[in-house]
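Residue-level listing of the chains:
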Amino acid sequence: MSRRTLIAGNWKMYKTPFESREMVQELVALIGKDPEVEVLVCPPFTGLEAVEEVVSGTPVQLGAQNVHWENQGAFTGEISAGMLLECGCRYVIIGHSERRQYFEESDETINRKLRQVVDTQLVPILCVGESLEQREAGKVQEVIVGQLEQGLAGLSEAQISSLVLAYEPVWAIGTGRTATPEIAEQVHASIRDWLANHYSGELSDRLRILYGGSVKPENTAELMAQENLDGALVGGASLEAQSFARIVSEASSNDA
Ligand code: 13P
């Protein structure tokens, strides 16, 4: 089955609305009208409107980095799926390791967020990944399966089929230490096996699994050449239009 490659930029807490607009103006020009892969940028909440004004009607899509599990209510400082949709978002990242690590997000809250989002038009990108300590203790499989089992609990196969997964080994994020294509492929293939065993071969074939962790223009082609890598979730190298556009172009030559 062919899974369309998705190249997503997670800007984290970088760029003011002004800087966001400038960046996407350059990006839209570099990407052109008809990229071979799907392109997504996820600015901070405050940049969504400015970015939407520029990317609307272009192939560059808009996403957010987090969402709350209720659609409205007394939750000071939080943002709902409905609000993101009205800002033009098509995707939302859920369960990024930085949210798990610094904001105490648990598999349970991640599950609540997914349950809220799967029935809307927003496509969740569920992040999973092990720490260095867990990898060295030989617990990669256990950690990833635990995050998937708890994150996806109670969701139907139809609901799961609407989401995107991202494998982001924590030790490869922002460290310059990319997982080798073989290591990434091994984990992606094991996620696909788990999906086939727990749900169905059809779902497993269909779900896109992105890789994230020190992806840059220089390593994109070899990562994307792996059978079970269907795109990238890019942090640092997505902040600059030139380097993000190069990643898109490297992934495109591979997708052809
Ligand atoms: P870096 O590409 O900066 O390693 O970040 C990866 C990431 O966390 C994307 O969500």
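All values reported here derive from a predicted model rather than from experimental measurement. (Residues numbered from 1 in each chain as written. Predicted model: local features only at pLDDT ≥ 70, side-chain atom pairs only at ≥ 80, totals over all residues. Heavy atoms only, no water.)

This brings us to the environment of R206. Structurally, R206 is set in helix 10 (residues 201–206). Counting along the chain gives 180 residues from R206 to E26, while the straight-line C-alpha distance between them is 33 Å. (Helix = DSSP H or I, 4+ residues; strand = E, 2+ residues; numbered from the N terminus.)

Turning next to unusual backbone geometry. Residues other than glycine seldom take positive phi values, yet K15 does so here, at roughly 85 degrees. Within the secondary structure, K15 is located in the loop between strand 1 (6–10) and helix 1 (17–31). Of note, S214 is a non-glycine position whose phi angle comes to about 55 degrees, a positive value. Within the secondary structure, S214 is located in the loop between strand 7 (209–212) and helix 11 (217–224). Given the relative accessible area of 17%, S214 is considered buried. (Buried < 20%, exposed > 50% of the residue type's maximum accessible area, 1.4 Å probe, protein only.)

Below, the discussion takes up the environment of E70. For E70, the position within the fold is in the loop between strand 3 (60–64) and helix 3 (81–86). Residues E70 and S131, spaced 61 residues apart in sequence, show a C-alpha to C-alpha distance of 29 Å. If we skip the residues at most four places from it in the chain, E70 touches F75, S80, R112 and Q116. (Contact = heavy atoms within 4.5 Å.)

Turning our eyes to something else, we now look at the nonpolar core. The nonpolar side chains of soluble globular proteins are, as a tendency, buried together. Formed by 66 residues in total, the largest nonpolar core has its most connected members in L27, L148, L152, L165, I191 and Y211. If you tally residues by element for this core, the top one is helix 12 (residues 241–255), at six residues. Formed by 13 residues, the second largest nonpolar core is a distinct cluster that contains A8, Y91, L210 and L233. (Core = buried A, V, L, I, M, F, W, Y, C linked by side-chain atoms within 4.5 Å.)

Of all six residues in strand 5 (residues 123–128), six are buried, a share of seventy percent or more. The pairing of strand 4 (residues 91–94) with strand 5 spans four bridges and is parallel. Note that in strand 5 the partner of I93 across the bridge is I125. Bridging between strand 5 and strand 6 (residues 164–167) involves four bridges; their strand directions are parallel. Across the sheet, I125 pairs through a bridge with V164, a residue of strand 6. (Pairing = 2+ DSSP bridges.)

Using the criterion set out here, one finds two aromatic pairs in the structure. Look at W194 and Y199: their rings are 5.9 Å apart centre to centre, the planes differ by 75 degrees, and that puts the pair in the edge-to-face class. The exposure class assigned to W194 is buried, which follows from its relative accessible area of 8%. A residue is classified by how much of its surface remains accessible, and Y199, at 25% relative accessible area, is partly exposed. Over the ring of W11 we find K15; its NZ or CZ atom is 5.7 Å from the centre of that ring. In this arrangement the basic side chain of R90 is found over the ring face of Y91, its NZ or CZ atom lying 5.6 Å from the centre. (Phe/Tyr/Trp six-rings, centres within 6.5 Å; stacked < 30°, edge-to-face > 60°. Lys NZ or Arg CZ within 6 Å of the ring centre and 35° of its normal.)

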